[in-house]
Amino acid sequence: MRVLVVGGGAREHVAAWALARSGSKIYTVMKNNNPGLRRLSEEVLIHPETDVETVASWAEGRVEMAFIGPEAPLEKGLVDILEERGIPTVGPSREAARLETSKSFMRDLMRRHNLPGQVAYRYCENMDDLRTAVGEMGTEVVVKPVGLTGGKGARVYGEHLHGEEDIYRYGEEIFGGYGGGRLVVEEKLTGEEFTLQAFTDGRRLLPTPLVQDHKRAYEGDEGPNTGGMGSYSMADHLLPFVTQEEREQALSIMQGVIDAMREEGTPYKGILYGQFMLTRDGPKVVEFNARFGDPEAMNVLSILDDPLEEIFRGLVSGDLPTKASFRHLATVCRYVVPVGYGSSPKKGVRLEVDEKRIRESGALLFYASVDERDGAVYTTTSRSLAVVGASPEMKGAVESCERALEAVRGEYYVRHDIGTPEAIERKKRHMEQVRSGGQ
Ligand code: AMP
Ligand code: GLY
């Protein structure tokens, strides 16, 4: 089948790779010239992915199905336009995508349907609202713009905000226009985060293995929030600090959301991404995304045994397969990013990528927001490339990831702590502490 892939990151590269392995012919629209996607594609259009009219016109007559990687074109209604033109699409309509594109919509929906996993929050439109919210909730909060910020908008009290004045300063920035000009204040949760991604046809969910992302820019989970610096998953498809029962709880929250969306007349189909904080009182919803996670897509799609095209075909026709098999391997994905990523990324830096050596390391390479020019790869302001190791034991996965990273030369930054036994042990201990009533 001829499939349109929209987006030029590693998430789209891994999806195209999995689709191609299942027999699809790939047609890509992306804003940057991602060399991995280009090589996998029959044809490529380099163009802003949010210009939905042009994307749809290009796709019409070329493809039989579409997959949308990033959130920005969802917000612009790309799925609605493609489907109007007869192209079934893996992704939610513009209205259904509000689960991600509006943090207040998501929280209100959970409240209306009385779903478990809720978090105390206040929606604020101006400084008076914000002062009232802080008056009622105290300062142990997280402040988030309501709209999209590329994963960089949430500021946590005690980490990014120190003192009430910081909260108000950030409020002024948001009310001045950042992330949609409105915000939510949420109770600050304590625990460990995990990601559960699932395919959905609007009724049923087909879950994939649990993953833990690392959103902070620096080793030891310090620094500003980013789109995600890397992630890991375990061979048993759980995480060392999450029980089977807690995974089921998270999945049933997601099922509740899918049911709620259908009941409200905005059925949600595509990929549903649940970001949870595992607290002392079980999993709570940090956010939903209307797409695969980036980097989390790499952890699950790299070990998917079943043909992705078949899953997608079932998804768009309302008849999602009931099972998908994933290899029982531990995976670790690390992102090579420009120096300064998270604050002031250095773009236009040349990276030397020895693909042959990476293949020999046993790891997989997925290109992200780089530009290929004259046979070389250059950084942009976003993440550059993802290296994924997989092995029955985490140790083997980390080793192949490290070997692969030796084959990338140039000025860049990478978090070497992701997936290491020490880092995972620290998270396990932290969760034990939280369960026993500590921070
Ligand atoms: P978000 O933009 O909603 O994905 O948030 C980005 C990151 O901020 C999350 O991955 C968490 O690490 C942190 N965060 C967001 N909301 C909360 C919360 N209510 N309590 C504690 N940490 C949070
Ligand atoms: N890894 C977080 C995200 O995709 O938003």
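Position numbers for residues start from 1 in each chain and track the written sequence from start to end. Chains and ligands are labelled by the order in which they are written, letters from A for the one and numbers from 1 for the other. This being a predicted model, a pLDDT of at least 70 is required before a residue's local features are given, and a value of 80 or more before pairs of side-chain atoms are given or counted; all residues contribute to the totals for chains, interfaces and linings. Processing note: side-chain calculations cover all non-hydrogen atoms of the structure and skip hydrogens and water entirely.

## A look at the sheet that holds strand β16 (residues 270–279)
Sheet strands associate in pairs through backbone hydrogen bonding, adopting either a parallel or an antiparallel arrangement. On the basis of which strands lie adjacent, the open sheet formed by four strands has the order β11-β10-β16-β17 and antiparallel pairing. Only two strands of the sheet have a single neighbouring strand rather than two, namely β11 (205–207) and β17 (282–289). For this sheet, the mean angle separating the axes of adjacent strands, direction not counted, is 35°. By the bridge criterion, seven bridges tie β16 to β17 in an arrangement that is antiparallel. By the bridge assignment for β17, F276 is matched with V285. We call two residues in contact whenever any of their non-hydrogen atoms come within 4.5 Å of each other. A fitted line through C-alpha atoms represents every axis, and for helices the fit uses only the stretch in contact; the resulting angles, taken between N-to-C directions, go from 0 to 180 degrees. Under the scheme used here, helices are H or I runs from DSSP no shorter than 4 residues and strands are E runs no shorter than 2 residues, and both carry numbers assigned from the N terminus. Sitting on the sheet, helix α10 (residues 244–263) is in contact with β10 (192–200), β11, β16 and β17, with an inclination near 45° to β17. Packed on one face of the sheet, helix α12 (residues 308–316) meets β10, β11 and β16 and runs near 70° to β10. Any two strands between which DSSP finds at least two bridges are classified as paired.

## Observations concerning the sheet that holds strand β9 (residues 183–187)
Sheet architecture is open: four strands sit in the order β6-β9-β7-β8, paired in antiparallel fashion. The open sheet is flanked by β6 (121–124) and β8 (155–156), the only strands paired with a single partner. In this structure, β6 lies alongside β9, joined through four bridges in antiparallel fashion. Counterpart to C124 in the pairing with β9 is L183. Relative to β6, helix α8 (residues 127–137) is tilted by about 165°, and along the sheet it contacts β6, β7 (141–145) and β9.

## Points about the environment of D354
Relative to the assigned elements, D354 resides in the loop between β19 (350–353) and α13 (355–360). Considering only alpha carbons, one finds D354 and I68, 286 residues apart in sequence, at a separation of 29 Å. Any pair of N or O atoms that falls within 3.5 Å is considered a polar contact. Within protein, one atom must be able to donate a hydrogen and the other to accept it, and sequence-neighbouring residues count only if both atoms are side-chain atoms. Among the polar contacts listed, one links the side chain of D354 to the backbone nitrogen of R357, at a separation of 3.1 Å.

## Some thoughts on the packing of aromatic side chains
What counts as a ring pair is set by centres within 6.5 Å for rings of Phe, Tyr and Trp (its six-membered ring), and what kind of pair is set by the plane angle: stacked under 30 degrees, edge-to-face over 60, tilted for all other angles. Counted under the stated rule, the structure contains nine aromatic pairs. Seen in terms of ring centroids, Y170 and Y178 are 6.5 Å apart; in terms of plane orientation they differ by 55°. Their pairing is tilted. Type-normalised accessible area, obtained with a 1.4 Å probe on protein chains alone, sets the label of each residue: buried when under 20%, exposed when over 50%, and partly exposed for intermediate values. The exposure class of Y178 is partly exposed, given its relative accessible area of 28%. Ring centres of F199 and F312 lie 6.3 Å apart, and the angle between their planes is 65°; this geometry places the pair in the edge-to-face category. Linking F199 in strand β10 with F312 in helix α12, this pair joins segments that are 113 residues apart in sequence. Assigned by exposure class, F199 and F312 land together as buried.

## Thoughts on the site of ligand 1
Proximity is defined per residue: if any heavy atom of the residue lies within 4 Å of a molecule or strand, that residue is considered near it. Contacts to ligand 1 come from 15 residues, most closely from K144, L189, E193, K215 and E287. Between ligand 1 and E186 there is a distance of 3.1 Å, counted from a nitrogen atom to a side-chain nitrogen or oxygen. Method for areas: the Shrake-Rupley scheme with a 1.4 Å probe, in which residue coverage is limited to the protein chains shown. Bound to the protein, ligand 1 loses 97% of the 470 Å² it would expose on its own. Each residue receives one of three labels: charged for Asp, Glu, Lys and Arg, nonpolar for Ala, Val, Leu, Ile, Met, Phe, Trp, Tyr, Cys and Pro, and polar for the others, Gly being one of them. The residue inventory of the shell around ligand 1, partitioned by class, reads five nonpolar, one polar and nine charged.

By themselves, these observations are geometric and do not establish any function.
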